[in-house]
Amino acid sequence: MRSFIYFLVLLSAAATFSGQAQQQQLASSPHSVNFFIYDRARAQGWDWYEAPPYQNSYGYGESLLRFGLTQSIRNWDWRLEITQPTIIDAPDYAVSPVTAQGQLGFGGTYYAANGNNSYPAAAFLKQAFARYNFGEGDKNLRLGRFEFFDGLETKPKNPTLAYLQPNRVAQRLVGNFSFTVAQRSFDGVDAHYGQGSWDITAMAARANQGVFNMNGNPELNVDVQYLAYTKSDWKDRFLWRVFAIGYHDGRTGIAKTDNRPLPVRQADHQNIRIGTYGADFLTAIPAGPGQFDFIGWGVLQNGQWGPQDQRAGAWTAEGGYQFLHVASTPWFRSGWFRSSGDNNPSDNKHGTFVELLPTPRGYARFPIYNLMNLEDGFVQVIDRPRKPWELRSDLHWIQLTSGKDLWYSGGGAFDNKVFGFTGRPSNGHSSMTSIFDISSDWHATHYLDVNLYYAYSWGKSVVGAIYPANRNAQMGYLELVYHWNTPLARH
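Residues numbered from 1 in each chain as written. Predicted model: local features only at pLDDT ≥ 70, side-chain atom pairs only at ≥ 80, totals over all residues. Heavy atoms only, no water.

K.L.:
Account for the overall build of the protein chain, naming residues and giving values.
P.N.:
The secondary structure content of the protein chain amounts to 5 helices and 21 strands. The C-alpha extent of the protein chain, read off along each of the three principal axes, is 65 × 50 × 50 Å. A total of 491 residues make up the protein chain; the buried ones form 55% of that total. Counting every atom, the protein chain has about 19,900 Å² of accessible surface; 59% of that belongs to carbon and sulfur. Taken together, the 42 basic and 41 acidic charged side chains of the protein chain have centroids lying 2 Å from each other. (Helix = DSSP H or I, 4+ residues; strand = E, 2+ residues; numbered from the N terminus. Buried < 20%, exposed > 50% of the residue type's maximum accessible area, 1.4 Å probe, protein only. Areas by Shrake-Rupley, 256 points an atom, 1.4 Å probe, with all protein chains shown as cover. Lys, Arg positive; Asp, Glu negative; His and termini not counted. Charge placed at Lys NZ, Arg CZ, Asp CG, Glu CD.)

Below is the structure:
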């Protein structure tokens, strides 16, 4: 209740601020120093699978404030950004000591990740970089602390591809974990070299702490290298990419999350070094009163998971049809995702696909799982009753690829004390859950977005073996996002 009252106060204040901001229309010169602010307030409720006597039903509040300065001067641009994440009233009784049950939703995760604190808050340097732009086209070099998103190397001109790229391709492997309050940044360098329809992107950086830990300043002993070639063809109706990612985790004092026995994992103090090689494509094809869309994405992995050889992979195929000459442009889509799991915890092979440092929530909107050891079949409907208002509903059928592996969740390294991926035992089962969800995203004004979300999970045999008291769960939130910028000075 307290978190909901807090949200309402923020909603009223931000709406007032938004109204005042709309009255300010300052002209910006090319060399202006611009001030920007982004404020996301969320009231969130969880009803996790029951684990009596622990607290599986609760609500809490979130606030994510990001603000800073940007400027462009001739061939240079720079950005300085501070973030201030806050959790209000996280439950103090939502972490079960039964290892398989663990943290009962994100409220328990925030509480545990911040020293058993129900009101964690901090402020830290989110981004600080300088970028040099080499003449015309997409040619630049950036150095410092920044956010990075795999799959967003270009900005498609085709509106369908421009929607699918960030929502159905990007951040499957590397992202900022935007759904959480502290999020993720990288310290390093990246570069683009492109012209017209093609782009080459390279990045090398170390990951920062954050995500669930409110202190995102420290670096982790985790680094990633990325190289991609992206090209648009067929009059911007076909976009494809080939890429390679190197990943290293040197946090050797932390037990890895996998299906080996605990004593074996605790004795493993070797590094993780994984190479991921993949390709994807997106296309939109006019047909009748609308258009078809298709997506293909796939990767293979090799390297070392401690003393084990990493041999894994994942792929997805999706398609849909959108009616373009109907007022609300209804869009019907479906798809299938599969990633490898490990079938033998005793051999020298780690067969579980590793999702690296992703933003998992885009592909698991009810964030109770990620894309590791997973089969996910889905159908979805997207509708826009009005231009600034999007409705979406998904129905997912989730199974584990291997009943000898784990039910994985999480988005990778975010702390020097915990691994970042959690794993619950499958107990030899593979049928996990069916999930229905619905969302409403309303761009209310130029400065203000109002978003609602609700999801329900019908747990199957994997869930029921761990939570026999009640294998069903639900989650919802009401979210306000305020964003604004203005020039402060001219030179």
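K.L.:
Got a sec to walk through the environment of Asp77? Specific residues and values, please.
P.N.:
Within the fold, Asp77 resides in strand S3 (residues 76-88). For Asp77, a relative accessible area of 12% puts it in the buried group. On a C-alpha basis, the gap between Asp77 and Tyr132 in space is 6.7 Å, while along the polypeptide they are 55 residues apart. Ignoring anything within four residues of it in the chain, the contact list for Asp77 reads Gln71, Ser72, Phe129, Ala130, Arg131 and Asn133. (Contact = heavy atoms within 4.5 Å.)

K.L.:
Describe the packing of aromatic side chains, listing the residues and the values that go with them.
P.N.:
Per the stated rule, a full pass over the model turns up 35 aromatic pairs. With a centroid separation of 5.5 Å and an interplanar angle of 55°, the aromatic rings of Tyr229 and Trp240 are classed as tilted. On the criterion of sequence distance, the pair formed by Tyr229 in strand S8 (residues 219-233) and Trp240 in strand S9 (residues 238-249) is long-range, its members being 11 residues apart. Positioned above the aromatic ring of Phe179, the side-chain terminus of Arg42 is 4.1 Å from the ring centre. Sitting above the plane of the Trp297 ring, Arg172 keeps its charged end 5.1 Å from the centroid. (Phe/Tyr/Trp six-rings, centres within 6.5 Å; stacked < 30°, edge-to-face > 60°. Lys NZ or Arg CZ within 6 Å of the ring centre and 35° of its normal.)

K.L.:
Now, about a nonpolar patch on the surface: what can you tell me, with residues and values included?
P.N.:
Together, Phe134, Leu141, Leu143 and Val189 make up an exposed nonpolar region whose accessible area comes to about 350 Å². Its location among the elements puts Val189 in strand S6 (residues 186-195). Take Val189: its relative accessible area is 31%, and that puts it in the partly exposed class. (Patch = residues over 30% accessible without salt bridge, like charges linked within 9 Å, V, L, I, M, F, W, Y side chains within 5 Å. Salt bridge = Lys/Arg side-chain N within 4 Å of Asp/Glu carboxyl O.)

K.L.:
With reference to specific residues and values, describe the pattern of salt bridges.
P.N.:
In the structure shown here, the tally under the stated rule is 27 salt bridges. Across the pair Asp190 and Arg142 runs a salt bridge whose closest N-O atoms are separated by 2.7 Å. With Asp190 in strand S6 and Arg142 in strand S5 (residues 138-146), this residue pair connects regions lying 48 residues apart in the sequence. The burial state of Asp190 is the same as that of Arg142; both residues are buried. With its nearest N and O atoms 3.1 Å apart, the salt bridge here joins Arg241 to Asp150. Of the two residues, Arg241 is situated in strand S9 and Asp150 in the loop between S5 and helix H3 (159-169); the sequence distance between them amounts to 91 residues. Side by side, Arg241 and Asp150 carry an identical accessibility label, which is buried.

K.L.:
An account of helix H2 (residues 106-113) is needed here, citing residue identities and associated values.
P.N.:
When you tally the buried positions in H2, you get 7 out of 8 residues, the bulk of the element. Among all positions in H2, only Phe106, Gly107, Gly108, Thr109, Tyr110, Tyr111 and Ala113 are buried. Among the structural elements, strand S1 (33-47), strand S2 (57-73) and S3 are those in contact with the buried residues of H2. Phi turns positive, to about 65°, at Gly115, one or two residues after H2.

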